[in-house]
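# Notes for the structure review
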Amino acid sequence: MNERIVVGAALYDDGRLLAARRSAPPELAGGWELPGGKVEPGERCEDALVRELREELGVEAEVVERVPGEWPLAKGYVLRVWTARLRSGDPEPLQDHDELRWLAPDQVWSVEWLAADVPAVTAALAVA
Ligand code: 9L3
Ligand code: MG
């Protein structure tokens with residue numbers, strides 16, 4: 001069952017990791033996250049991730065590999081993360097974000113990640 005799973009992408013291009021600043025909801029606004037969102041009933045996690053990146057950023061991405069681990073979110077949701085590669089398009093903040101930033105390895109901790117994303121980013125860096 002894919003109930004209560006949120007998928008996030010450690011999306012890489014040219015060795016840099018994409019961080020997205022949330023503009024909604026108010027309690028998360030201003031925090032940076034790995035882009036993604038809720039898996040729909042019956043949807044594969046990897047398909048949800050590709051769909052979310054298309055909807056939120058207007059890009060086509062390829063899922064590369066699962067980042068081991070699962071991180072708790074509000075309301076019983078959990079965050080699972082995959083590394084992903086940009087195939088086409090230039091990410092734009094189309095939904096729920098007001099800024100995007102490509103982070104070089106030495107810049108990864110220069111943004112204020114959401115609490116759940118801190119361990120997720122740490123784990124993603126370990127596999128990338
Ligand atoms: N969330 C946290 N970190 C992330 C993502 C993609 C999502 N990297 C949280 C924020 C919301 C919930 O999960 O509370 C659902 O995300 P969305 O569908 O609003 O993107
Ligand atoms: Mg989202």
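Below: a short report on this structure. In this text, all values refer to a predicted model and were calculated from it rather than measured experimentally.

### Thoughts on the coordination of the magnesium ion (ligand 2)
The magnesium ion (ligand 2) binds to the protein through Gly36 (O) and Glu56 (OE), with metal-donor distances spanning 1.9 to 2.1 Å. In this pair, Gly36 sits in strand β4 (residues 36–38) while Glu56 sits in helix α1 (residues 45–57), placing the two residues 20 residues apart along the sequence. Residue classification places Gly36 among the buried positions, given a relative accessible area of 9%.

### A few points about the packing of aromatic side chains
By the definition in use, this model includes zero aromatic pairs. Over the ring of Trp82 we find Arg66, and its NZ or CZ is 5.1 Å from the ring centre.

### Things to note about the site of ligand 1
The local shell around ligand 1 holds 13 residues, among which Arg22, Glu33, Leu34, Gly36 and Asp117 are the closest. Between ligand 1 and Arg22, the relevant distance is 2.9 Å, taken from an oxygen atom to a side-chain nitrogen or oxygen of the residue. Separating a nitrogen atom of ligand 1 from a side-chain N or O atom of Asp117 is a distance of 2.7 Å. Protein contact buries 84% of the 440 Å² of open area that ligand 1 shows by itself. Among the detected pockets, ligand 1 sits in the largest pocket. When residues of the shell around ligand 1 are traced back to their parent elements, those giving at least two are β1 (5–13) and β4. Considering each element in turn, the shell around ligand 1 owes the most residues, three residues, to β4.

Rules of the game
- Numbers given for residues are sequential positions, taken from 1 along each chain in its written order.
- Chains and ligands are labelled by the order in which they are written, letters from A for the one and numbers from 1 for the other.
- Totals for whole chains, interfaces and linings use every residue, but because this is a predicted model, local features are given only for residues with pLDDT of at least 70 and side-chain atom pairs only at 80 or more, for both listing and counting.
- To get the side-chain values, all heavy atoms of the structure are used, and hydrogens and water are removed first.
- Metal donors were taken as nitrogen, oxygen and sulfur atoms no farther than 2.8 Å from the ion, or 3.2 Å where the ion is Na, K or Ca. Water is excluded, so coordination may look unfinished.
- Going along the chain from the N terminus, every DSSP run of H or I of four or more residues is numbered as a helix, and every run of E of two or more is numbered as a strand.
- When accessible area is computed with a 1.4 Å probe and restricted to protein chains, residues below 20% of their type maximum are described as buried, those above 50% as exposed, and intermediate ones as partly exposed.
- To pair, rings of Phe, Tyr and Trp, with the six-membered ring standing in for Trp, must have centres within 6.5 Å; the planes then decide the type, stacked if under 30 degrees apart, edge-to-face if over 60, and tilted in the middle.
- Two conditions define a charge located above a ring, namely a distance within 6 Å from the ring centre to NZ of Lys or CZ of Arg, and an angle within 35 degrees of the ring normal.
- Proximity is defined per residue: if any heavy atom of the residue lies within 4 Å of a molecule or strand, that residue is considered near it.
- Whenever two N or O atoms come within 3.5 Å, that pair is a polar contact, provided that in protein one can donate a hydrogen and the other can accept it, and provided that, for residues adjacent in sequence, both atoms are side-chain atoms.
- With residues, only the protein chains shown are counted as cover, and all accessible areas are computed by Shrake-Rupley using a 1.4 Å probe.
- A pocket, in this scheme, is an open set of points on a 1 Å grid over the protein atoms alone with protein on both sides within 12 Å along at least 5 of 7 lines, while a cavity is a set where a 1.4 Å probe fits but cannot get out; residues line either one if an atom lies within 4 Å of a point.
- Criterion for pocket placement: a molecule counts as inside a cavity or pocket if more than half of its atoms are within 2 Å of its grid points.

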